[in-house]
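Structure assessment
Take a look at the letters that make up each chain.
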Amino acid sequence: MLVLSLSAHAGHLKASGVSAGGSVTRDLQLREFGMVFHPGADGYLGANLLYFPLPSQSQLSTEYGKHEGYVLRENFAGYFAEELGKSGWDLGVLWWIERHGWDSEDFAVFPNYGKFSLIRSVQTTGLSIARPDLNLGVAGGIQYTNPEYVGKVYEPETDTLYEWAAATWGPISAQTSFHHSSFRHARVSLNLESKKVLGGRESGPLTYLPNIDVAIYDRNGDGEDSLRLFWEQNLIAQRLYAEVAVYFPDPALRFVALKYYPDPSKVVSIDVTCYRKSNGDLLWGGGISMPFVRVAYNHADDIENVFGLRGTFVLQFHFAIEKIRDTFVGLNGSKATPMMTREIDTDDNVKKQRREQREQEFNESRRKSSLQESSKTNSPREITATGIVLEKAK
Amino acid sequence: MKKWILALVSTVFFMLSACTHLVLDSTERLQVKNLSDQDITDLSVVGKSDTIVWIPDTVAPGELSFVHEQDFVGSFHIIFKTLDSTGAWEIVDMGKIDFDGGSELLKISKKDGEWDHEFE
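Read on for a plain summary of the structure. (Residues numbered from 1 in each chain as written. Chains lettered and ligands numbered in written order. Predicted model: local features only at pLDDT ≥ 70, side-chain atom pairs only at ≥ 80, totals over all residues. Heavy atoms only, no water.)

A look at the overall build of chain B
Of regular secondary structure, chain B possesses 1 helix and 8 strands. Walking chain B from its N terminus toward its C terminus, one meets helices and strands in the order α-β-β-β-β-β-β-β-β. By sequence separation, contacts in chain B at least 24 residues apart represent 55% of the contacts at least 6 residues apart. (Helix = DSSP H or I, 4+ residues; strand = E, 2+ residues; numbered from the N terminus. Contact = heavy atoms within 4.5 Å.)

Details of the nonpolar core
Counting 36 residues, the largest nonpolar core has L43(B) and W54(B) as the members making the most contacts within it. For this core, the element with the highest residue contribution is strand β6 (residues 89-99) of chain B, accounting for 4 residues. Apart from the residues within four sequence positions on either side, W54(B) is in contact with E28(B), L30(B), L43(B), S44(B), V45(B), H68(B), E69(B), Q70(B), F72(B), I78(B) and F99(B). Formed by 18 residues, the second largest nonpolar core is a distinct cluster that contains Y44(A), A77(A), W164(A) and A166(A). (Core = buried A, V, L, I, M, F, W, Y, C linked by side-chain atoms within 4.5 Å. Buried < 20%, exposed > 50% of the residue type's maximum accessible area, 1.4 Å probe, protein only.)

Examining the environment of Y149(A)
Residues and elements named next belong to chain A. Relative to the helices and strands, Y149 resides in strand β8 (residues 136-150). Overall, Y149 belongs to the partly exposed group, its relative accessible area being 27%. Dropping the residues within four chain positions of it, Y149 is found in contact with Y113, G114, K115, S117, L118 and I119. Within polar-contact distance, the side chain of Y149 engages the backbone oxygen of G114 at 3.4 Å. (Polar contact = N/O pair within 3.5 Å; in protein donor to acceptor, adjacent residues only side chain to side chain.)

Notes on a positive patch on the surface
Positive charge collects at one region of the surface, where K14(A), K66(A), K48(B) and K96(B) lie side by side. Inspection of the secondary structure puts K96(B) in strand β6. (Patch = residues over 30% accessible without salt bridge, like charges linked within 9 Å, V, L, I, M, F, W, Y side chains within 5 Å. Areas by Shrake-Rupley, 256 points an atom, 1.4 Å probe, with all protein chains shown as cover. Salt bridge = Lys/Arg side-chain N within 4 Å of Asp/Glu carboxyl O. Lys, Arg positive; Asp, Glu negative; His and termini not counted. Charge placed at Lys NZ, Arg CZ, Asp CG, Glu CD.)

Quick notes on the pattern of salt bridges
All names here are of chain A. Applying the stated rule across the entire model yields 19 salt bridges over all chains. The residue R228 makes a salt bridge to E304 at a minimum N-O spacing of 3.2 Å. Placement of the pair is R228 in strand β13 (residues 226-236) and E304 in helix α3 (residues 300-305), with a sequence separation of 76 residues. Each member of the pair R228 and E304 is classed as buried.

Keep in mind that these numbers describe shape and distance, not what the molecule does.
If you want it as structure tokens, here you go:
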């Protein structure tokens, strides 16, 4: 009932918003990889399936009117890195893939490809090399946008290949992307916050330093750059964070968010967000993320990342976990997940040590039991049974 | 516990994704009935720069058009042409009309000089 009552005030999405979705996703994929890519990170797995169940909430406004239909966004991310022998160099591979779009029928795999549909997939792939001892890493690769179907109400699109490169050194990381010889975006991130999972502090003033992300885009290729400034600030003990995003040149505050993570691993979060439309109106929203499930309404992250779709209720399959050295952590988390103990050892020396210890214990126990057995066979055996009653037949 | 949540979510998702399009048609199969005393033709959806003719048939008074299927489910701006008393084609603006999808019969009538429409 709540959902139905909310749908009455629901907004919708515009064809231009769906058209812009490709560049938004490309940026999001590289931004996410930037969060994951730490020298010493062993891997990352992420999967999301955003589902907007109500067609009245995902109406598409075109020049003809308002079309009822469905939005789907599904993505998968994988990053795996391993040390190259004993060289001290880590080699990693990554693959981010997302398929999204608007269709007149709801779909999980096979869209209807209606006259006003747009279905597109965006992939980012590449290689990384890192020196964990020097806290240094370099990555690079390609991005590929593949529009499966573009209706006539959208700007025409073709398959496009982009190149990207990224580097990280301590708290500083930078990345850039190109299409042919034209610059598309550049980003500099300062992750000053001290994080236990990256070998930093567990508490104290250093954990209250900000994480700042500045990116310059040339989205239309017309030389008119736009700038996005994102500030993440730890407010209370790496459990309560504030996020602010500002866009230039129209100096417009885009959104502010308050995110409460019951655990600093950032696997579970409770968010309240406020998105500012270009005309100054404020849109309040929020959501709850748990392992595997996320539920949100009008969340600023969804408005920004899903075609500017607003006033919507989203039901999401959600999973994001990163492995850094011997610990697991949520995306951009600051401490290991509490469910992990120190039982899993990936270090070969520790593994060997444990194996030898186990073998020794096993041998000792076997020796003991064999000693007992031999002593038993030499002496006469005596069996005492209790609880057996013999009765004479009547 | 987590497997249980995963199973629940996937069940809910597949229920939703599999079932809703059985209830909600993604196309509109439209037929027009002319209840006025003038010929009607070229029922069209108006865009900002472009107009799509939905029902190109000329429907005589009291007649039915053929059924034409289009991807218009939602709210759209509809116009049509009619033959006025002088024998010239005149455009009639019907404003925004909601189409719910599936097969629908649109009855167009003229009462006291005002054009009116109704779904059956």
